[in-house]
Amino acid sequence: MKGELLIVVFLTFTLHLVELHESRFSVEKENKREGKRKFTHEWQEIGEDEPIPPGLHVRINLSTHKKEVKLLDNDETETPTSVSVVEKTSTFTDQEGENSDLEKRLKNIPAEDIQPTLEEIDEVKKKYRPYEELKKEFESLKMSVKTDLEVMDELFASYQKVMEKRKTHTMEELGNLNTLSPLEESHLSILTDLEYMVHQVDNAREFVLSGGLNLIVYPSLNSSSSVIRSEAARLLGSAVQNNAASQIKALESGAVGTILRVLALDTAANVRSSALYALGCLVRRFPLAQRQFVDQGGLAVLVSLFDGDSGEQLKLQVKVVTFIDDLIVERQDAKMTQLEVLSNNETSAEKKEAEERLKQYKQVELEKTLQEKEWCQHLVKLLKRELLSKSMLDVEDVYSVHSPDLDVVEKLTRAMVSLVEPCRQEFLADPHVQKLILGLIQWLKGLALGEVDETDGDGYYRGLAEQVKLLGSHLGFFHTNHP
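Residues numbered from 1 in each chain as written. Predicted model: local features only at pLDDT ≥ 70, side-chain atom pairs only at ≥ 80, totals over all residues. Heavy atoms only, no water.

1. Observations concerning the overall build of the chain
Then, in step 1: A count of helices and strands for the chain gives 22 helices and 5 strands.
Then, in step 2: Scored against the burial criterion, the 483 residues of the chain give a buried share of 39%.
Then, in step 3: A separation of at least 24 residues holds for 68% of the contacts in the chain among residues at least 6 apart in sequence.
Then, in step 4: Total accessible area on the chain stands at roughly 28,800 Å², and carbon and sulfur atoms take up 54% of it. (Helix = DSSP H or I, 4+ residues; strand = E, 2+ residues; numbered from the N terminus. Buried < 20%, exposed > 50% of the residue type's maximum accessible area, 1.4 Å probe, protein only. Contact = heavy atoms within 4.5 Å. Areas by Shrake-Rupley, 256 points an atom, 1.4 Å probe, with all protein chains shown as cover.)

2. Here we look at the nonpolar core
Then, in step 1: With 99 residues, the main nonpolar core has F207, F293 and W375 as its most contacted residues.
Then, in step 2: Residues in contact with W375, not counting those within four places in the same chain, are V303, F306, V320, V321, I324, L370 and L419.
Then, in step 3: Ranked by size, the runner-up nonpolar core spans 6 residues in total, among them F39, I52, V69 and L71. (Core = buried A, V, L, I, M, F, W, Y, C linked by side-chain atoms within 4.5 Å.)

3. Here we look at the packing of helix 5 (residues 148–166) against helix 6 (residues 182–197)
For any two helices packed against each other, the geometry is given by the interaxial angle and the distance between the axes.
Then, in step 1: Axis separation between helix 5 and helix 6 bottoms out at 10 Å; the angle between their running directions is 155 degrees. One way to sum up the angle between helix 5 and helix 6 is to call them roughly antiparallel. In this structure, the crossing between helix 5 and helix 6 has a hand that is left-handed. Two secondary-structure elements touch here, helix 5 through D148, V151, M152, L155, S158, Y159, V162, M163, K165 and R166 and helix 6 through L183, E184, S186, H187, I190, D193, L194 and M197.
Then, in step 2: Residues of the contact of helix 5 with helix 6, tallied by class, amount to 10 nonpolar, 3 polar and 5 charged. (Axes fitted to C-alpha atoms, helices over the stretch in contact; angles between N-to-C directions. Parallel < 35°, antiparallel > 145°, perpendicular 65-115°, else oblique. Left-handed = near helix turned anticlockwise from the far one by under 90°. Nonpolar A, V, L, I, M, F, W, Y, C, P; charged D, E, K, R; others polar.)

4. Considering the pattern of salt bridges
Then, in step 1: Summed over the entire model, instances satisfying the criterion amount to 12 salt bridges.
Then, in step 2: Ionic pairing is found between D295 and R291, a salt bridge with its closest N-O pair at 3.9 Å. With D295 and R291 both in helix 13 (residues 287–295) and 4 residues apart, the pair spans about one turn of that helix.
Then, in step 3: Salt-bridge contacts for R414 lead to D325; the nearest nitrogen and oxygen are separated by 3.5 Å. Within this pair, whereas R414 is found in helix 19 (residues 406–418), its partner D325 is found in helix 15 (residues 311–343), the two being separated by 89 residues in sequence.
Then, in step 4: Assessed through its relative accessible area of 28%, R414 is described here as partly exposed.
Then, in step 5: A relative accessible area of 6% means that D325 is categorised as buried.
Then, in step 6: One salt-bridge network, in which partners are shared between bridges, spans D325, E410 and R414. (Salt bridge = Lys/Arg side-chain N within 4 Å of Asp/Glu carboxyl O.)

5. What about the pairing of strand 3 (residues 66–71)?
Then, in step 1: Here strand 3 lies mainly inside the structure; 5 of its 6 residues are buried.
Then, in step 2: In the sheet, strand 1 (residues 44–45) pairs with strand 3 via 2 bridges, with the strands oriented antiparallel. When the sheet's bridge partners are listed, E45 is paired in strand 3 with E68.
Then, in step 3: Once strand 2 (residues 56–61) ends, the chain turns through 4 residues before running back antiparallel as strand 3, passing H65 with a positive phi of about 60 degrees. (Pairing = 2+ DSSP bridges.)

6. Considering the side chain of K70
Then, in step 1: Looking at the secondary structure, you find K70 in strand 3.
Then, in step 2: The contact partners of K70, leaving out residues within four places of it in the chain, are T40, H41, E42, W43, L56 and H57.

7. Thoughts on the state of the cysteines
Then, in step 1: Taken as a whole and judged by the stated rule, the model has 1 disulfide.
Then, in step 2: Disulfide partner of C376: C423, at an S-S distance of 1.8 Å. Its S-S torsion of approximately -60 degrees makes the covalent link between C376 and C423 left-handed. Placement of the pair is C376 in helix 18 (residues 375–387) and C423 in the loop between helix 19 and helix 20 (424–429), with a sequence separation of 47 residues. (Disulfide = S-S within 2.5 Å.)

8. Considerations on helix 21 (residues 431–449)
Then, in step 1: The terminal C-alpha atoms of helix 21 lie 29 Å apart, and with 19 residues this matches the ideal 27 Å at 1.5 Å per residue to within 8%.
Then, in step 2: Taken residue by residue, helix 21 has V433, L436, I437, L438, G439, L440, I441, W443, L444 and A448 as its buried positions.
Then, in step 3: Sitting at the head of helix 21, D430 places a side-chain oxygen 2.9 Å from the backbone nitrogen of H432. (Expected span 1.5 Å × (residues − 1). Polar contact = N/O pair within 3.5 Å; in protein donor to acceptor, adjacent residues only side chain to side chain.)

9. Considering unusual backbone geometry
Then, in step 1: One non-glycine residue with positive phi stands out, namely N242, at about 50 degrees.
Then, in step 2: For N242, the position within the fold is in the loop between helix 9 (226–240) and helix 10 (244–252).
Then, in step 3: With a relative accessible area of 72%, N242 lands in the exposed category.
Then, in step 4: We note that R285 has phi near 60 degrees; this positive angle belongs to a residue other than glycine.

10. Some remarks on the packing of aromatic side chains
Then, in step 1: Counted by the stated rule, this structure contains 4 aromatic pairs.
Then, in step 2: Summarising the aromatic geometry, the rings of F306 and W375 are spaced 5.3 Å apart at their centres and angled 85 degrees between planes, so their arrangement reads as edge-to-face. Of the two residues, F306 is situated in the loop between helix 14 (298–304) and helix 15 and W375 in helix 18; the sequence distance between them amounts to 69 residues.
Then, in step 3: Taking 5.8 Å as the distance between ring centres and 65 degrees as the angle between the ring planes, the aromatic pair formed by Y460 and Y461 counts as edge-to-face.
Then, in step 4: Classification of Y460 by relative accessible area gives partly exposed; the value is 39%.
Then, in step 5: Overall, Y461 belongs to the partly exposed group, its relative accessible area being 26%. (Phe/Tyr/Trp six-rings, centres within 6.5 Å; stacked < 30°, edge-to-face > 60°.)

11. Digging into the environment of L358
Then, in step 1: Locating L358 in the fold gives a position in helix 16 (residues 348–362).
Then, in step 2: L358 gets classed as buried once you look at its relative accessible area, which sits at 6%.
Then, in step 3: The spatial distance from the C-alpha of L358 to the C-alpha of R331 is 7.6 Å, given a sequence separation of 27 residues.
Then, in step 4: When near neighbours in sequence (up to four residues on either side) are disregarded, L358 contacts A334, K335 and Q338.

So, in structure tokens, the structure goes:
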């Protein structure tokens, strides 16, 4: 390797000297051939638009700010880096002739018999492996590569084997509520691998089309292990997330009713959380699924989750609030889209699409059903549960709030803003709401004062304070003493 490098350096340096030496005489040849002005070894001014032949030394006269040129002096060939040589271009030289000339000069360079030493050869062998050896390894790797569909088929087959083994095992061998048996570990591993794979859209579509919901997901939801039931619900959600084809197949297979039964009957918090995730993935941006969700009593099931007040139940309730708020905002976006299409004079196809989308959302009587199920009161109840225990009434008849869970406050107030029109009467009916909202604004403003100003916008506390203030403004809470 060192020998080859020396040859390259030597050739490059030799070519540079040859070109530099020949460039000294190219000007006279060009002048004679083309009848142009003659250049000497004295500096001469040259026009801005006048072409500069190769082999000249060029400079800018700092006194006159003019460009000057002259022929290269003999001593300048010894220090080629000290001059500015104009490269040869197709303006003065024929490209094919230049290439031919270069080939002739390269042939005249004497060859040198440079052989690497034994030490250099040994060093190369230590650093690099023979090509044949690498080729064999690549071939063996190629034989073991499998497509996602092949891996999925193997997981389907492994699941069937696990189910067959379950039929011959006793209850003791199937584990208990606290531990998983080896068989259940295999079951869980299959579900986890599939859940990872279906995040890819094509894999998700293939999983659903291959009957994965009926063959694997729904039976796994009946497992005695809450961990397996939870993973099965997550697999269902991931398989239909942002995937219209999978959503349609899941809807046809009865996924909405299955998920609602899990939410209503399964008492394990982790299973209910995964089931809510699956429900959200299935019905978002899918009005027909939302209609089935409402028609099958989905809102009543979700409202029933607000009966408990433990920490785990509170987390689930906040997720339910976020889920419902997403559906409300989705419907509002459909209305805004139609208005924008009409105002911007969009094409007839875009207008028709916006109208059809809004028509499908209107067929889902979401807001009306929410009021019937007392959803507005549940939002107020959740807000009071979060704030009243962390507040005290001050002299101005406003609650002084101290350190509530900001994530809960953010999601609750955002949901209340989205439903302020249909729920206005219920929000105003509770006397605590106004005092809590005003106290919350004052507390957030105090936190915002300590925030460092950021160049990309308002800080978190300031933004949250504006959101709560927007809710209070919609409800008419602000007067002169509470701006």
